[in-house]
Amino acid sequence: MISHILVAIDQSTTSYQAFATALDMAQDLGAELTLVHALDVFDTTSPERPQMVVNAYSIELDRLLRESYERQWVEFVDRYESLLKQKQAEAKAVNVAAKYQQPYGRPGPAICRTAREVQADLIVVGSHGRKGLSEMILGSVSNYIMHHAPCSVMVIHPNSPHHHTPPSKAAEASPVELGR
């Protein structure tokens, strides 16, 4: 029986679809949700780490760059915490218990580690649809999770006609795109 579902959260359309799928399942099964966003310094949306140069002329510049990076990092963490809180509130609105975590590290290992810690029965994750060279270079979080997860995994693929469309996208979509 599935009583605890972990869902990976970012700002992608497939993440929205993964959340909607996990929320529907949690409602139907009476399961609780754990929402996870990994805080990854290599994420393309995270602040770029400054390169420090240590010499007598650059000490003040290095300090200013470090402080700027630290402010940007806090904003990055806060932005995703707000997203997680929003998703938690959506779950609560339909009587689904939900908590969230923001572990540090690469997404695949961080999600698998969190799934072990919370004893999740299922991980729901969106796929960005990377193939070939881009998958080799950028990696595939969903592929990593499928091979290392301590439980079952459901991967939500992009552009699947069987999944929800985010509200911002639904307003832009034609009736044909929405299956009407």
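Report follows, based on the coordinates. Because the structure is predicted, anything quoted here is derived from the model rather than measured.

**Remarks on the overall build of the chain**
For the chain, the count of helices and strands is 6 helices and 5 strands. Starting at the N terminus and walking to the C terminus, you meet the elements of the chain as β-α-β-α-β-α-β-α-α-β-α. Within the chain, the proportion of its 180 residues that are buried is 37%. For the chain, contacts bridging at least 24 residues in sequence account for 75% of all contacts bridging at least 6. Entry remark: accessible area of the chain is about 10800 Å², with carbon and sulfur atoms responsible for 53%.

**Description of the pattern of salt bridges**
Counted according to the given criterion, the structure contains 6 salt bridges. With a shortest N-O distance of 3.9 Å, Glu70 and Arg66 are connected by a salt bridge. Residue Glu70 and its partner Arg66 are located together in helix α2 (residues 59-93), separated by 4 residues, close to a single helical turn. On the accessibility criterion, Glu70 (42% relative accessible area) is partly exposed. Residue classification places Arg66 among the partly exposed residues on the basis of a relative accessible area of 38%. For Lys85, the salt bridge is made with Glu81, and the minimal N-O distance between the two is 3.9 Å. With Lys85 and Glu81 both in helix α2 and 4 residues apart, the pair spans about one turn of that helix. For Lys85, a relative accessible area of 44% translates into the label partly exposed.

**Considerations on the packing of helix α3 (residues 107-118) against helix α5 (residues 141-148)**
Contact geometry for α3 and α5: axes closest at 8 Å, N-to-C directions at 40 degrees. In terms of orientation, α3 lies oblique with respect to α5. Read as a crossing pair, α3 and α5 show a hand that is right-handed. Every residue of α5 that contacts α3 at Pro107, Gly108, Pro109, Ile111, Cys112 and Arg116 is listed here: Val141, Tyr144, Ile145 and His148.

**As for the nonpolar core**
Membership of the largest hydrophobic core comes to 26 residues, with the highest contact counts inside it found for Ile5, Val7, Ile9, Phe19, Leu33, Leu35 and Val124. Residue assignment for this core shows that the elements contributing at least two residues are β1 (4-8), α1 (13-29), β2 (32-36), α2 and β4 (122-126). If we ignore the near neighbours within four places in the chain, the residues touching Phe19 are Val7, Ile9, Leu33, Leu35, Lys87, Glu90 and Ala91.

**Some points on the packing of α1 against α2**
At their nearest, the axes of α1 and α2 sit 11 Å apart, and the two run at 30 degrees to each other. Looking at the two axes, α1 sits roughly parallel to α2. For the element pair α1 and α2, the recorded crossing hand is right-handed. Between α1 and α2, the residues in contact are Tyr16, Phe19 and Leu23 and Lys87, Glu90 and Ala91, respectively. Here the residues of the contact of α1 with α2 are counted per class, giving 4 nonpolar, no polar and 2 charged.

**Things to note about α2**
In a regular helix each residue adds 1.5 Å, so 35 residues correspond to 51 Å; α2 covers 51 Å between its end C-alpha atoms and thus fits that length. Within the span of α2, buried status applies to Asp62, Tyr69, Trp73, Phe76, Val77, Tyr80, Leu83, Leu84, Lys87 and Ala91. Next to the buried residues of α2 lie α1, β2 and β3 (98-101).

**Re the environment of His128**
Within the fold, His128 resides in the loop between β4 and α4 (132-138). Using a relative accessible area of 43% as the deciding quantity, one classes His128 as partly exposed. Contact partners of His128, with chain neighbours within four places excluded, come to Asp10, Ser12, Thr14 and Pro158.

The rules behind these values
- Residues numbered from 1 in each chain as written.
- Predicted model: local features only at pLDDT ≥ 70, side-chain atom pairs only at ≥ 80, totals over all residues.
- Heavy atoms only, no water.
- Helix = DSSP H or I, 4+ residues; strand = E, 2+ residues; numbered from the N terminus.
- Buried < 20%, exposed > 50% of the residue type's maximum accessible area, 1.4 Å probe, protein only.
- Contact = heavy atoms within 4.5 Å.
- Areas by Shrake-Rupley, 256 points an atom, 1.4 Å probe, with all protein chains shown as cover.
- Salt bridge = Lys/Arg side-chain N within 4 Å of Asp/Glu carboxyl O.
- Axes fitted to C-alpha atoms, helices over the stretch in contact; angles between N-to-C directions.
- Parallel < 35°, antiparallel > 145°, perpendicular 65-115°, else oblique.
- Left-handed = near helix turned anticlockwise from the far one by under 90°.
- Core = buried A, V, L, I, M, F, W, Y, C linked by side-chain atoms within 4.5 Å.
- Nonpolar A, V, L, I, M, F, W, Y, C, P; charged D, E, K, R; others polar.
- Expected span 1.5 Å × (residues − 1).

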